[in-house]
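The primary structure of each chain is shown beneath.
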Amino acid sequence: MAPAQIGSGAVLFSTKMPQVPKRGFGVTTETSNPTSVLPRQRRSMKTPRSVLIADKVADGVIRVGGLAVILAVFGIMVFLAQVVVPLFTGGHLEGQTKVALQAGGHKTLTDFIDEYRTISVAVDDAGAVSAFHIKTGRAITVPSFDFGGQTATAFARTLAGGYVGFGFGDGTLRLGRMLLVVNIIESNSAPAGLQKLGATDDLTDGNAIYTSISATQYRRTLVKLELGEPQQITPGGEAIMALDYRVGGTAERPARSFITIDANGVGRITLAETKKNFMTNKETITLTTSELPGLKPGVVVSGVLMTEKADQVYIAEKSGTVYRYDTRNFDKPELAEAIDLAPGAVDINVLGFLIGEQSIVVGGSDGSVNIYYRLPRESATSTDGFTLVKAKTLEPHTAAVIAMDAGQRGKSFITADADGNVWARHLTSEQVLLRLKPGDAKPTYQTLALAPRQNAALAISADGTVYAWDFEVPHPETTLKTIFGKVWYEGYPEPTYTWQSSAGTDAFEPKLSLIPLIFGTIKATVYSLLFAIPIALGAAIFTSEFVHPKIRAVVKPTMELMASLPSVVLGFIAALVLAPIVETWIAAVMMAFFIIPLGLFLGAYLWQLLPYQFQLKYDGLPKFVAMVVTLLLCGVVAYVAGPSLEVIFFAGDFKAWTNGSIGSGTPFTALVLLPIVFIAVWVITGRISSARLSNLLRSKDRFGAGLADLGRWGITLVIAALISTAIAAALTFLGLDVRGGVVDTYVQRNTLVVAFAMGFAVIPIIYTIAEDALNTVPEHLRAASLGCGATPWQTATSVILPAAMSGVFAGIMVGMGRAVGETMIVVMAAGNTPLIEWNIFSGLRALSANIAVELPEAVRDSTLYRMLFLAALTLFVMTFVVNTLAELVRQKFRKRTAAL
Amino acid sequence: MSAHVNMQTATPDKSIPLSQPTTRATDIRARGEPFTWALGGALALGCAMIIGFLVMVFWNGLVTFVPKPVIAVTTTDNQVTAGEPTRTELYKPQSADLAALSPQIQKSISDSDGFASRTMFRVGNYDLYNEDFRWVSEFQVTKTEAPKDILFAEREEWGPLIATLKNITVDGQTIETADIHDPRFAAAHQTSRDRRKRIREIEKDDIGKINFQLDELRIDVRKAELRSGRDSTDHAVAQTTLKEKTPQLEAQYKALAEEAGKLRELNSRNSAMFVDITGREKSVALDLIVRVYKPNDMSFFESVGVYFSRWWEFVSSEPREANTEGGILPAIFGTAAMTLMMVIAVAPFGVITALYLREYAKQGKLVAFVRISVNNLAGVPSIVYGVFGLGFFAYVLGGSIDQLFYPERLPNPTFGTGGLLWASLTLALLTVPVVIVATEEALSAVPRSMREGSLACGASKWQTIKYIVLPRALPGIMTGVILAMARGAGEVAPLMLVGVVKLAPELPVDGFFPFVHLERSFMHLGFHIFDVGFQSRNSEAGKPMVFVTTMLLIGLIFAMNVTAITVRNRLKRKFKGSQF
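Residues numbered from 1 in each chain as written. Chains lettered and ligands numbered in written order. Predicted model: local features only at pLDDT ≥ 70, side-chain atom pairs only at ≥ 80, totals over all residues. Heavy atoms only, no water.

Visitor: Run through the overall build of chain B, naming residues and quoting values.
Guide: Looking only at helices and strands, chain B features 16 helices and 13 strands. Here the C-alpha atoms of chain B give a radius of gyration of 33 Å, more than 25% beyond the 25 Å that 2.2 N^0.38 yields for 580 residues. Principal-axis analysis of the C-alpha atoms gives chain B an extent of 100 × 95 × 45 Å. Buried residues in chain B amount to 51% of all 580 residues. Considering only contacts within chain B whose residues lie at least 6 apart along the sequence, 69% involve residues at least 24 apart. Counting only carbon and sulfur atoms, one obtains 59% of the accessible surface of chain B, whose full area is about 27200 Å². Computed over 62 positive and 59 negative side-chain charges, the separation of the two mean positions in chain B equals 10 Å. (Helix = DSSP H or I, 4+ residues; strand = E, 2+ residues; numbered from the N terminus. Rg over C-alpha atoms; globule rule 2.2 N^0.38 Å. Buried < 20%, exposed > 50% of the residue type's maximum accessible area, 1.4 Å probe, protein only. Contact = heavy atoms within 4.5 Å. Areas by Shrake-Rupley, 256 points an atom, 1.4 Å probe, with all protein chains shown as cover. Lys, Arg positive; Asp, Glu negative; His and termini not counted. Charge placed at Lys NZ, Arg CZ, Asp CG, Glu CD.)

Visitor: Give a description of the pairing of strand E29 (residues 432-436) of chain A that names residues and reports values.
Guide: Residue and element names in this part refer to chain A. Of all five residues making up E29, four are buried, and the element is well covered by its neighbours. As paired strands, strand E28 (residues 422-426) and E29 are joined by four bridges and run antiparallel to one another. Residue pairing in the sheet places alanine 424 in a bridge with leucine 434 of E29. Following E28, the chain reverses through five residues before pairing antiparallel with E29; glutamate 430 in that reversal takes a positive phi of roughly 60°. (Pairing = 2+ DSSP bridges.)

Visitor: Account for the interface of chain B and chain A, with residues named and values stated.
Guide: Facing the 113 residues of chain B at the interface are 131 residues of chain A. Carbon and sulfur atoms supply 77% of the area that chain B and chain A bury against each other, a total of about 11000 Å² over both sides. Connecting chain B to chain A are one salt bridge. For the salt bridge of lysine 623 of chain A with glutamate 33 of chain B, the shortest nitrogen-to-oxygen distance reads 2.8 Å. (Buried area = accessible area lost by both parts, 1.4 Å probe. Salt bridge = Lys/Arg side-chain N within 4 Å of Asp/Glu carboxyl O.)

Visitor: Describe helix H13 (residues 702-733) of chain A, and please don't skip the residues or the numbers.
Guide: Helix length check: H13 of chain A (32 residues) gives 46 Å between terminal C-alpha atoms against 46 Å at 1.5 Å per residue, within 8%. Looking one or two places after H13 of chain A, you find glycine 735 of chain A, whose phi comes out positive at around 95°. (Expected span 1.5 Å × (residues − 1).)

Visitor: Now, about the packing of helix H19 (residues 863-899) of chain A against helix H9 (residues 365-377) of chain B: what can you tell me, with residues and values included?
Guide: In a packed pair of helices, the relevant descriptors are the angle between the two axes and the axis-to-axis distance. Contact pair H19 of chain A / H9 of chain B: the axes reach a minimum separation of 9 Å and the direction vectors enclose 125°. Regarding the angle of H19 of chain A to H9 of chain B, the classification is oblique. Viewed along their axes, H19 of chain A and H9 of chain B form a crossing whose handedness is right-handed. Every residue of H9 of chain B that contacts H19 of chain A at Phe876, Phe880, Asn883, Thr884, Glu887, Leu888 and Gln891 of chain A is listed here: Ile372, Ser373, Asn375, Asn376 and Leu377 of chain B. Residues of the contact of H19 of chain A with H9 of chain B, tallied by class, amount to five nonpolar, six polar and one charged. (Axes fitted to C-alpha atoms, helices over the stretch in contact; angles between N-to-C directions. Parallel < 35°, antiparallel > 145°, perpendicular 65-115°, else oblique. Left-handed = near helix turned anticlockwise from the far one by under 90°. Nonpolar A, V, L, I, M, F, W, Y, C, P; charged D, E, K, R; others polar.)

Visitor: Break down unusual backbone geometry for me, citing the residues and quoting the values.
Guide: Residues and elements named next belong to chain B. Even without being a glycine, asparagine 78 presents a positive backbone phi close to 65°. Relative to the helices and strands, asparagine 78 is located in the loop between strand E1 (71-75) and strand E2 (80-91). Although it is not a glycine, aspartate 171 sits at a positive phi angle of roughly 50°. A relative accessible area of 38% means that aspartate 171 is categorised as partly exposed.

Visitor: Give me the lowdown on the sheet that holds strand E26 (residues 401-406) of chain A, citing residues and values where you can.
Guide: Residues and elements named next belong to chain A. On the basis of which strands lie adjacent, the open sheet formed by four strands has the order E26-E27-E28-E29 and antiparallel pairing. A single partner strand is all that each edge strand has here, and the edge strands are E26 and E29. On average, each strand axis in the sheet is inclined to that of its neighbour by 20°, with strand direction left out of account.

Visitor: With reference to specific residues and values, describe the sheet that holds strand E31 (residues 456-461) of chain A.
Guide: Residues and elements named next belong to chain A. Spatially, E1-E32-E31-E30 is the arrangement adopted by the four strands of the open sheet, whose pairing is antiparallel. What marks the edges here is a single partner per strand, and that holds for strand E1 (92-100) and strand E30 (445-450). Shown here is a sheet whose adjacent strand axes are inclined to one another by a mean of 15°, direction ignored. As judged from the eight bridges shared by E1 and strand E32 (residues 465-472), these two strands associate in the antiparallel manner. Pairing of alanine 100 across the sheet is with threonine 465, part of E32.

Purely geometric numbers; function is a separate question.
Shown next as structure tokens:
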């Protein structure tokens, strides 16, 4: 509106507005304003600037603020998704370098990298050690092993700890250690004259690398070597061709053990005991050796493996047979089985453990990479009942696999093929994380190394060229398949859905399947709704259609009061008060589910027998009180008769009965079948003799009709009981038992308790929405129905309920949304065991509870952290979909009611 | 309900041949009496659930602080157990235990379907017995008595002591008295308690202040280093200040520590020797005794006194014994502070959004969609908001704030972890749909004619909203805000992720600049329930406390709900007459 066109009254109004609030919120009229009647006062015709500015500012603030809040609310979903996405994006290459070492014509035995990807160290078979700075290729001076002119014929290194063993052509063996020592030093204690290495933060004095980590501190990385005296292993001086070495036991008393294969194909397992003389401080090593039976003479071995406890030994013959030895009895090793893992013309080129020594990686000359687990199997033909089972077939290389190295912090590993491709893989997710290429060349690698943090790979080719790759794969263990599909975890007999997010050691394989958690959520929701829906809907229909508005005015807020109970309180009561009571009185509780409906029906039939005048007179509150009394009486009956009924139905001990250890399932099966059979019999008899029954009931006076109705009910009940007992007996005879599925082993914090506690949260929601829906059905429909002669019951079921159906449905959906997201009740009362079973007497672990329990401990941006965000996103989506559906249904319902 | 009184004509049933004379009576089945009873039973069950629940919580909560008698029972194996009988229940003895009983008892048990009765005694004296509770089966009891001279002493540690007094030692002098009403006992006890209070003051307030100042100085040094480098004058100045002031502060600290030590030394000379029911002696320093009374020999007024003094302690002091004893003042404070902060955040934003949706945005498909979404956000699980609060508020926002404003404290997070501010904002986000929906409803209830009238008089849009629409919508808005408060105060799950802790040593408000510490973690009534009920050493010992806390929380929430309804009704009445 243009200011010039505003009349004086309007201007007056607007200029005076700021004073209005002092007199209250009332609408001001001009007459109430004494100044307006004074004609002498002249006012500007213009709207004051302040009003315009205030209007503009308010407009801006409200628009921006409103939009911002709406955006923020949607931002939640976007944020959650953004945290989750990295779980599914793979890794990326950060850098690639190629360095030529001085080629001495010797074979490289091994190479490895330190924690921080600073230095790479390689050893050749003459004992020469070469080390260089990975990013720049700058060599640093390191000592070498002194083999006394000999050439190593076999080599082994432990995954952690840097223990190495060298076997020689004369049948001797030397143990040693190769370490990359990292320590933090103050910058003023660093040697002078450090040279900067390229564009990095690293400096060197030629012997070690110094990395600047703060203004005052350096991290120094240097190489340290130890080598022991030669030990004769083969009695005849045969050359050692293959070797594996493990250090177990404690740091003070290490148990060193190794496996050797000599040139004649004889395998030996040796235990080395180190004794220290305290006087001379000299170590003496005593060796005990046993020969491994069953190896063919002259066998060509491509891999030897031993566990840290030295209780299992695997020897892979080049042609494909793996010999598995049970060496628990050290003096008498046993050949447990010999199994051909590479059938046909395929050779085994690579045999290796992953960390934890549960998975064996077998790389074939055809490029195949397979994972084997040692599992107990009924069909096993081995001596110890275990056998090697091929658990996973990974994506094969295009050329023969020639090398592998396992990660030290997880289940990642790398494999290399004859064409020079290096693939980073992960056991759990079975995916190829990265395909690293050496460039244009097709080098033949001699050794392969994966950095301890699984973020760099390094390969040395026969010509002395070093290929190094830096990469980052933050979440190698998760793919859609590992989260939502079955995964065959280490040590498990078969693929499963499992959630077990953490354990103490690096060797633990995290099991991150959301399925058990989603199942837990669904289980809690289903059982809660089974309990809540009948009560909530029954109460809603009764409140809306059968009680006086005065009672309704009391009852409805009482029920709604339930909604404001904090869920932590419900959880506390459920877990610490209810669960022990239910556990003690479980038989009575189970019986109450049957006794209460029966009691109410009986009460109704007896009520029908009362004089009609009496029924009419006391139709309102007294009848409701009678119902309450009946309900309480039923409770008392269940409590008193509980133990006796336990004897009849549960063989006297409910918990033992649920285990299936005592008693028969027949009585309880009959009880469960009773309602279904009853309804069937009721409907069938009603259909068959509809007219006769109707006539019979009408021909009598009210008391007689009531009696006849009661009789019909009683007879039907007896017939139904007989039929259901017969069916139950037949089912038991056929071997079907009610136990083992929905009814199984009892634990204290179980789904029954959760369902009951959740009832407090869900019932009021469904009740309120359903009652509102029933109540908003236009009054004229009700009046018309009653006017046509329908009873209130007929009106309620045939007119009101169908009209309000979508509103009722929306109430159920919203209640379901609440049950899905409920946290504290399930955290406290559900026991938090991630099981996948429908047993109502066992616990569960819901998505929400899992988040509440695990997120406070999860490290930011770790896989678990992101998995829990995924759980939250799943919950968000689940409830959002359910609630939106409910809302759409409700809106449709509103339109329909408006049209009526 | 009188609609069917005169209903005598039945709906014609097709299966009845017309020639047959139909009776005028209604088929009794049409009334659906049994089904009506099933529906009524459902309503009765619902009401019984809520009423039973409330009665149980309030009953347990109210009787917790009543001083209970201490009963001494002698069992068949000549063991004497003295304690407060906590509860009695029926149980099924193990068959192995049953076999060892006399045939008479076995018969009586099998007569009652294999159930036997047992009572749980709170025996106290944890330092002597290593247990707080003991079950005594009814059939074992040979003698029951209520010794008059037995005492119930609540202590600062090891739970209650149930014993008789032998003598007391005051300043190293042993005084033979077995009476707690002895003025010498009372005086010595009071002195010890006062000293303890003073020690606590010294350690918490005075020494805390010195530590705070030292920390500030160190942070200043680091700040200077970050701002202008290690070699700058700033840094040098800060270093010198630190060096200069440290000895002075340390001297102050020493003096205070000495004073505390002296008081402690004095307190260690005041003790009381107790003898438990089995004759074992236990000496307890007097300052550790919070309260002592004779449970079996006290007047009604003494009982009432103990009852109210326990209540006062509960609402006015800090917890002790791993939260299972003492008070819950920090939790009450934390809940109140968080709820208040939440309202400060949620009310303006909720109202602004509703105003935008109702008064400013063009009513179209988009706004309808937004409205559905906002409505449904009220149904998104609270834990999801907690996850968002942790990930976004604490880590992303808080992390950035730390980088920008508190680099000198890194790597220790200041705002980069859960705290009061983030918890309030998370709950604000959680409850904003409640306020939006309520405000929108209130706004839409303001008649269009009023708006038009105002605009026609020449008022601007904002003036119309400010003076006409908002005042009339205020009842609805208030209701929404109070309901949001009630919802927020009862939520626990999201708080577990964004800053609630089982024990917060420092309140979010204290005497140190800037006085209100929004980054601090806090205690919360709801979480207190979870913590004491589930994570304490002995959940049975904490149970009474949990009941009282529960009662308090439910009471608080109900009070808020009732206020919401009352406010709505009152304001509604106020505006009833003034509508056009």
